[in-house]
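Okay, here's what each chain looks like letter by letter:
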Amino acid sequence: MAFPSSSIRAASSTVHPTYLCLHLPNSHHASSRPSNTNHDNSYKCVKSPKIVRRSLFSLPASFLLLHVSSSLAIDDTNTPSTSAVDTTITDRIFIDFSVCPSYFRSDRPLGAELSSCPDSEPLGRVVFGLYGRLLPVTAANFKATCTAAAYRGTLVHKLLQGQFFAAGRQGSRRDKGEVQPPSGLVRNSETVNPKAFKLRHARPGTLSLCLGENDDDGDIKLNPNYHNVEFLVTTGPGPCPELDGQNIVFGTVLEGMDVITSIATIPTYKPAERIRLFNDFAQLIGDERAQTARAMWDRPLKTVYISDCGELKVTKKYLSPPSLP
């Protein structure tokens, strides 16, 4: 871009020298020149050097970058540190994922569960490691739900491509892929403990208990015997900072990340902008059908479900992988 010569002359000018008066204490470090006053302190006026004022266009790019980066710096003094968090893996849980092509067919038997899908197409097995020392109650409840086969036949009901997928929605309709938690689960007090939210959703394959992303019905949550068993798994490729502080990270993928990636590539239902605006208005005026319709958003167009789950018995129970979130 060409600038007029007058603009260039105005952008670069010389500031005339000024005099700066410095208040210097009269100590042994001060100048040996005798003082004209009887006070303990003296003033010394020094001549400042010439300062050339330049326009922003003539400044080095490195200076501008440093100035911008310093102004946008974020104070992370309150950010929780994960260096002292015990992420020792105490349990290994496997979950097998499959696809049921006949789930929406008209000849499907009424009330048939997903676990008995006749034409199931396996996607593969994922092995999760649980942080049982850090979150003993959350890990124990997840392990108990898996070993009791309560997750078997559970639908993957939400998939946000590039972020995560969720499964384990609680309810009484097994034919719709909902979960009925087994008896004997401990009341999870860790969901209200700030220390349980220290770990971040920093990488793909992070296993987290759904709290902020929970889709369980409100009537179910009001049950005094309610136990949150809905979980999510981050799919990548990057971190999910929007999940931090709202959901509890209690494990990670040890094997089967390729299965997680294959699930993440499945297309999902995306409503049009007009439908989203209408749904927002209906929810604003208190129409209960808005939440029901919203539950269909971001649902995989393929019926992905948990075909099997359980615990893997290993010789060495405790394991600390080299890189954890």
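In what follows, the structure referred to is the one given above.
Summarised in this report is the structure supplied together with it. If you're wondering where the values come from, they're calculated on a predicted model, not measured in any experiment.

1. Notes on the overall build of the chain
When you go through the chain residue by residue, the secondary structure sums to 7 helices and 12 strands. When each of the 325 residues of the chain is scored for burial, the buried share is 37%. Across the chain, contacts joining residues at least 24 apart in sequence account for 78% of those joining residues at least 6 apart. About 19,700 Å² of surface is accessible on the chain, with carbon and sulfur atoms providing 56% of the total.

2. A word on the layout of surface pockets
By volume, the largest pocket is sized at about 970 Å³. Surrounding the largest pocket, 37 residues form its lining, Arg169, Thr292, Ala295, Met296 and Arg299 being those nearest its centre. Residue assignment for the lining of the largest pocket shows that the elements contributing at least two residues are strand E7 (156-160) and helix H7 (289-294). Of the residues forming the lining of the largest pocket, the biggest block, 4 residues, is contributed by E7. The residue inventory of the lining of the largest pocket, partitioned by class, reads 13 nonpolar, 8 polar and 16 charged.

3. Here we look at the packing of aromatic side chains
With the rule as written, the count across this model stands at 6 aromatic pairs. Taken together, a centroid distance of 4.9 Å and an interplanar angle of 85 degrees make the contact between Tyr103 and Phe104 edge-to-face. What makes Tyr103 buried here is its relative accessible area of 11%. Here Phe104 falls in the exposed class, since its relative accessible area comes to 63%. Ring geometry for Phe142 against Phe231: centres 5.5 Å apart, planes inclined by 85 degrees, an arrangement best described as edge-to-face. Taken together, the residues span a long stretch of sequence, with Phe142 in helix H3 (residues 136-147) and Phe231 in strand E10 (residues 231-234) at a distance of 89 residues. The class of Phe231 is buried, set by a relative accessible area of 0%. Through successive ring pairs, a cluster of aromatic residues spans Phe142, Tyr151, Phe231 and Phe250. Geometry around Trp297 places Arg276 over its ring, the cationic atom sitting 4.7 Å from the centre.

4. Some remarks on helix H5 (residues 257-264)
Where H5 is concerned, the buried positions are Val259, Ile260, Ile263 and Ala264. For H5, the angular spread of the buried residues around the axis is 140 degrees, confining them to a single face.

5. A closer look at the nonpolar core
In terms of nonpolar packing, the biggest core is built from 36 residues, with Phe97, Phe142, Tyr151 and Phe231 touching the most fellow members. Not counting chain neighbours up to four residues away, the residues in contact with Phe142 comprise Ile93, Ile95, Leu130, Tyr151, Leu207, Phe231 and Phe250. By size, the runner-up hydrophobic cluster in this structure holds 7 residues, among which are Ala166, Leu232, Cys240 and Leu243.

6. Things to note about empty space enclosed by the protein
Under the criterion given, the structure shown has 1 cavity of 30 Å³ or more. Empty space within the largest cavity amounts to approximately 60 Å³. What lines the largest cavity is Thr138, Asn141, Phe142, Tyr151, Asn188, Leu209, Asn228, Val229, Phe231 and Phe250. In terms of residue count, H3 provides more of the lining of the largest cavity than any other element does, 3 residues in total.

7. What to know about the sheet that holds strand E9 (residues 206-209)
Within the open sheet, the 8 strands sit side by side as E7-E8-E10-E9-E11-E6-E5-E12. Their pairing is antiparallel. Both edges of this open sheet fall to E7 and strand E12 (304-311), since each of them pairs with a single strand only. Here the average twist between neighbouring strands, direction ignored, is 30 degrees. H3 rests against strand E5 (91-99), strand E6 (121-130), E9, E10, strand E11 (248-255) and E12 of the sheet, and its axis sits at about 50 degrees to E5.

8. Overview of the side chain of Arg169
Its location among the elements puts Arg169 in the loop between strand E8 (164-167) and E9. According to the relative accessible area criterion, Arg169 is buried, its value standing at 15%. Ignoring anything within four residues of it in the chain, the contact list for Arg169 reads Thr154, His157, Gly177, Glu178, Val179, Asp215, Asp216, Asp217, Glu230, Ala295 and Arg299.

9. Quick notes on the environment of Leu155
If you trace the backbone, Leu155 turns up in the loop between H3 and E7. Its relative accessible area of 8% is what places Leu155 among the buried residues. Sequence separation of Leu155 and Tyr305 is 150 residues, and the distance between their C-alpha atoms is 4.3 Å.

Conventions we followed
Residues numbered from 1 in each chain as written. Predicted model: local features only at pLDDT ≥ 70, side-chain atom pairs only at ≥ 80, totals over all residues. Heavy atoms only, no water. Helix = DSSP H or I, 4+ residues; strand = E, 2+ residues; numbered from the N terminus. Buried < 20%, exposed > 50% of the residue type's maximum accessible area, 1.4 Å probe, protein only. Contact = heavy atoms within 4.5 Å. Areas by Shrake-Rupley, 256 points an atom, 1.4 Å probe, with all protein chains shown as cover. 1 Å grid on protein atoms, 1.4 Å probe; cavity = no way out; pocket = protein on both sides within 12 Å on 5 of 7 lines; lining within 4 Å. Points joined across faces, edges and corners; volume = space filled by probe spheres on them. Nonpolar A, V, L, I, M, F, W, Y, C, P; charged D, E, K, R; others polar. Phe/Tyr/Trp six-rings, centres within 6.5 Å; stacked < 30°, edge-to-face > 60°. Lys NZ or Arg CZ within 6 Å of the ring centre and 35° of its normal. Arc of directions from axis to C-beta. Core = buried A, V, L, I, M, F, W, Y, C linked by side-chain atoms within 4.5 Å. Pairing = 2+ DSSP bridges. Axes fitted to C-alpha atoms, helices over the stretch in contact; angles between N-to-C directions.

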